[in-house]
Amino acid sequence: MNTTTKGRIHSWDLSTGVDGPGTRFVLFFSGCPLRCLYCANPDTWHMRDGREATADEVMAEIEKYRPFITTAGGGVTLTGGEPLLQSAFAAAVLRRCKEAGLHTALDTSGFLGARATDELLADVDLVLLDIKSFDVNTYRKLTGGELSPTLNFATRLDRLGVPMWIRYVLVPGWTDAPDPIDGLAHFVGGLPAVQRVDILPFHKLGAAKYDSLGIPFPLKDAPRPSAELIERVREQFRAQGLAAH
């Protein structure tokens, strides 16, 4: 693996409990092929908005925080943007992380799952797979993309035995219809590699970024989901034997 492979990154951060197990070094890649209406990181959409870095440079930064991420059972999470838009760079970083004995997680929509080689996935300990909707038309309206590549990627990950946490953003009026949720629960319930499902309540924490970029936030008037709605959706997944949080 060429560790001088260059990519474009937006930023990095440390997080606990939301980007995989333990304390994580979270690396935000620049560039994304989707335009999710609820996206909290519009500042990561374009490759030009990132800065160039090599896998060696990224690892040098990660090593500074090794004591924090290893003592807490954590590791490194690649997110974005969409890491698989820069699959060669993602593969180089993942390889270096595994050589360093670090737990790795890949946060992806799965839309570009075909770009992930088996070799890349062999260096991934966990995939955080964002499935935006199980209704084809809603998925297209919500993201601008197609659903089938994500479902194909989920099936492939299961076949390869790569552990998955499914992430589902709950947006009232968009992703709360019971029938598609039942369909998704049935689909992921049939994949043994799925360890849990995280229901992520829609929020507007990224609204200020839209203002600073001078672009409208499409869901600025959408309500946040109620506690009752969140629990109903969790129960739909639990009915398929899944751990839903």
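The preceding data block contains the structure.
First things first, this report covers the structure right here in the doc. All values derive from a computational prediction rather than experimental measurement.

Conventions and cut-offs
- Residues numbered from 1 in each chain as written.
- Predicted model: local features only at pLDDT ≥ 70, side-chain atom pairs only at ≥ 80, totals over all residues.
- Heavy atoms only, no water.
- Buried < 20%, exposed > 50% of the residue type's maximum accessible area, 1.4 Å probe, protein only.
- Helix = DSSP H or I, 4+ residues; strand = E, 2+ residues; numbered from the N terminus.
- Arc of directions from axis to C-beta.
- Contact = heavy atoms within 4.5 Å.
- Pairing = 2+ DSSP bridges.
- Axes fitted to C-alpha atoms, helices over the stretch in contact; angles between N-to-C directions.
- Expected span 1.5 Å × (residues − 1).
- Parallel < 35°, antiparallel > 145°, perpendicular 65-115°, else oblique.
- Left-handed = near helix turned anticlockwise from the far one by under 90°.
- Nonpolar A, V, L, I, M, F, W, Y, C, P; charged D, E, K, R; others polar.
- Salt bridge = Lys/Arg side-chain N within 4 Å of Asp/Glu carboxyl O.

**Regarding helix α1 (residues 55-64)**
In step 1: Three or more residues of α1 are buried, namely Ala-55, Val-58, Met-59 and Ile-62. Buried residues along α1 cover an arc of 95 degrees about the axis, so they all sit on one side.
In step 2: Tucked inside the fold, the buried residues of α1 contact β2 (23-29), β3 (51-54), α2 (66-71), β4 (75-79) and α3 (87-99).

**Focus on the sheet that holds strand β1 (residues 6-16)**
In step 1: The strand order across the open sheet formed by eight strands is β3-β1-β2-β4-β5-β6-β7-β8, and the pairing between neighbours is mixed. Lying at the two open borders of the sheet, with one neighbouring strand each, are β3 and β8 (194-201). Mean inter-strand twist for the sheet, computed between neighbouring axes without regard to direction, equals 30 degrees.
In step 2: Here β1 pairs with β3 via four bridges, running antiparallel. Looking across to β3, one finds that Ile-9 is bridged to Arg-51.

**Quick word on unusual backbone geometry**
In step 1: A cis amide bond links Gly-80 to the next residue, Gly-81, at an omega of 15 degrees.
In step 2: Take Gly-81: it is sitting in the loop between β4 and α3.

**Some details on helix α7 (residues 178-189)**
Residues spaced three or four apart along an α-helix face the same direction, because each turn holds 3.6 residues.
In step 1: With 12 residues, α7 should cover 16 Å at 1.5 Å per step; its first-to-last C-alpha distance of 16 Å lies within 8% of that length.
In step 2: Looking at α7, one finds that the buried residues are Ile-181, Gly-183, Leu-184, Ala-185, Phe-187 and Val-188.
In step 3: Buried residues along α7 sit in contact with α6 (148-160), β7 (164-170), β8 and α9 (227-238).

**Here's the deal with the packing of α1 against α3**
In step 1: The geometry of α1 relative to α3 is characterised by a closest axis approach of 9 Å and an angle of 45 degrees between their N-to-C directions. It follows that α1 is oblique to α3 by the angle criterion. Crossing geometry of α1 relative to α3 is assigned as right-handed. Packed against α1, whose contacting residues are Ala-55, Asp-56, Val-58, Met-59 and Ile-62, the element α3 presents Phe-89, Ala-92, Val-93, Arg-96 and Cys-97 at the interface.
In step 2: Grouping the constituent residues of the contact of α1 with α3 by class yields eight nonpolar, no polar and two charged.

**Here's the deal with the packing of α7 against α9**
In step 1: The N-to-C vectors of α7 and α9 enclose an angle of 35 degrees; their axes lie 8 Å apart at closest approach. Pair α7 / α9 crosses with right-handed handedness. For the pair α7 and α9, contact is made by Pro-178, Ile-181, Asp-182, Leu-184, Ala-185 and Val-188 and by Arg-232, Val-233, Gln-236 and Phe-237, respectively.
In step 2: Residues belonging to the contact of α7 with α9 are distributed by class as follows: seven nonpolar, one polar and two charged.

**Examining the pattern of salt bridges**
In step 1: The tally for this structure, following the rule as stated, stands at 16 salt bridges.
In step 2: Between Arg-95 and Glu-99 there is a salt bridge; the shortest N-O distance is 3.4 Å. Linking Arg-95 with Glu-99, this pair stays in helix α3, spanning four residues, or about one helical turn.
In step 3: Judged by its relative accessible area of 27%, Arg-95 is partly exposed.
In step 4: Given the relative accessible area of 52%, Glu-99 is considered exposed.
In step 5: The residue Lys-98 makes a salt bridge to Asp-125 at a minimum N-O spacing of 2.6 Å. Of this pair, Lys-98 sits in helix α3 while Asp-125 sits in the loop between α4 (118-122) and β6 (126-130), placing them 27 residues apart in sequence.
In step 6: On the basis of relative accessible area, Lys-98 is assigned to the partly exposed category, the value being 26%.

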